[in-house]
Amino acid sequence: MLITDDLNMGAVYGQGIGRVAAQSLAAGVDLVLVSYDPDQYFRALSGAARALARGEIDRRTLQASSRRLRAFGVARDGRGREPGSVAPTAAGAAGGSLAAIASPLTAVVDRADAAASPANRL
């Protein structure tokens with residue numbers, strides 16, 4: 001599993017957080033770290049979603065990443081936590097599930113896939 005360093009850091013921030021998030025996901029990174037600034041989270045998500053819509057991120061890459069995240073969570077204790085760990089608080093974004101943390105872009109992929117299905121073209 002691959003996780004970026006914080007995209008709010010100066011080394012990449014000047015390139016545009018949405019652009020860097022999209023490039024990271026396209027390169028096969030599983031989780032993009034955006035800390036302490038919720039506005040930057042939405043910029044990163046928006047940039048990644050736009051790149052996905054333009055075909056700059058391969059859906060198969062995201063699906064493989066989603067499988068790795070699910071496998072990592074299940075391999076730990078079935079709930080995404082190490083055995084004996086304390087349950088995450090509400091501040092823990094997705095309640096400890098890495099797949100749920102990654103779900104915003106996964107939901108975009110799922111909606112796009114559903115829209116592209118032949119049943120929805122009628």
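Per chain, the residues get numbers from 1 upward, laid out in the order the sequence is written. Reporting in this predicted model follows two pLDDT cut-offs: at least 70 for local features of residues, and 80 or more for side-chain atom pairs to be given and counted; totals over whole chains, interfaces and linings ignore these cut-offs and use all residues. Each side-chain value is derived from all of the structure's non-hydrogen atoms; neither hydrogens nor water enter the calculation.

Draft legend 1. Broad picture of unusual backbone geometry. A positive phi angle is found at Y36, which is not glycine, with a value near 55 degrees. Helical segments are the DSSP runs of H or I of at least four residues, strand segments are the runs of E of at least two, and each set is numbered from the N terminus. Along the chain, Y36 turns up in the loop between α2 (17-26) and α3 (38-53).

Draft legend 2. Layout of the pattern of salt bridges. By convention in these notes, a salt bridge is any Lys or Arg side-chain nitrogen within 4 Å of a carboxyl oxygen on Asp or Glu. Applying the stated rule across the entire model yields 3 salt bridges. Note that R68 and D30 form a salt bridge whose closest N and O atoms lie 2.6 Å from each other. Here D30 lies in the loop between α2 and α3 and R68 lies in helix α4 (residues 59-76), a separation of 38 residues in the sequence. Only protein chains enter the calculation, and the probe is 1.4 Å; a residue is then buried if its accessible area is under 20% of its type maximum, exposed if over 50%, and partly exposed in between. For D30, a relative accessible area of 4% corresponds to the buried category.

Draft legend 3. Just a nonpolar patch on the surface, in detail. Patch membership is restricted to residues that have no salt bridge and whose relative accessible area is over 30%. Joining uses 9 Å for like charges and 5 Å for the nonpolar side chains Val, Leu, Ile, Met, Phe, Trp and Tyr. Computed with a 1.4 Å probe, the accessible areas rest on the Shrake-Rupley method; for each residue, only the protein chains presented here act as cover. Together, M1, I3, L33 and F72 give the surface a local cluster of nonpolar side chains, amounting to about 350 Å² of exposed area. On the accessibility criterion, L33 (36% relative accessible area) is partly exposed.

Draft legend 4. Summary view of the environment of F42. Its location among the elements puts F42 in helix α3. When its relative accessible area of 53% is taken as the criterion, F42 is described as exposed. Taking the C-alpha atoms as reference points, F42 and G18, 24 residues apart in sequence, are found 8.5 Å from one another.

Draft legend 5. Layout of the side chain of T4. Counting through the fold element by element, T4 comes out in the segment before α1 (10-13). Under the rule applied, a polar contact is a pair of N or O atoms within 3.5 Å (in protein, one hydrogen donor and one hydrogen acceptor; residues adjacent in sequence only if both atoms are side-chain atoms). A polar contact is formed between the side chain of T4 and the backbone nitrogen of L33, at a distance of 2.9 Å. Any two residues having at least one pair of non-hydrogen atoms within 4.5 Å are treated as being in contact. Contacts of T4, omitting those with residues within four sequence positions, involve S24, V29, L31, V32 and L33.

Draft legend 6. Structural context of the side chain of Q40. Summarising the element assignment, Q40 is placed in helix α3. Judged by relative accessible area, Q40 falls into the buried class, the value being 4%. Leaving out residues up to four positions away in the same chain, Q40 has contacts with N8, Y13, I17 and V34.

Draft legend 7. Highlighting the nonpolar core. Residues grouped as a nonpolar core are buried Ala, Val, Leu, Ile, Met, Phe, Trp, Tyr and Cys residues, joined through side-chain atoms within 4.5 Å. One finds A22, L25, A48, A51, L52, I57 and L62 forming the largest nonpolar core, which totals 7 residues. Of all the secondary structure elements, the ones that give two or more residues to this core are α2 and α3. Among the nonpolar cores identified, the runner-up in size contains 5 residues, and L7, V20, A21 and A44 belong to it.

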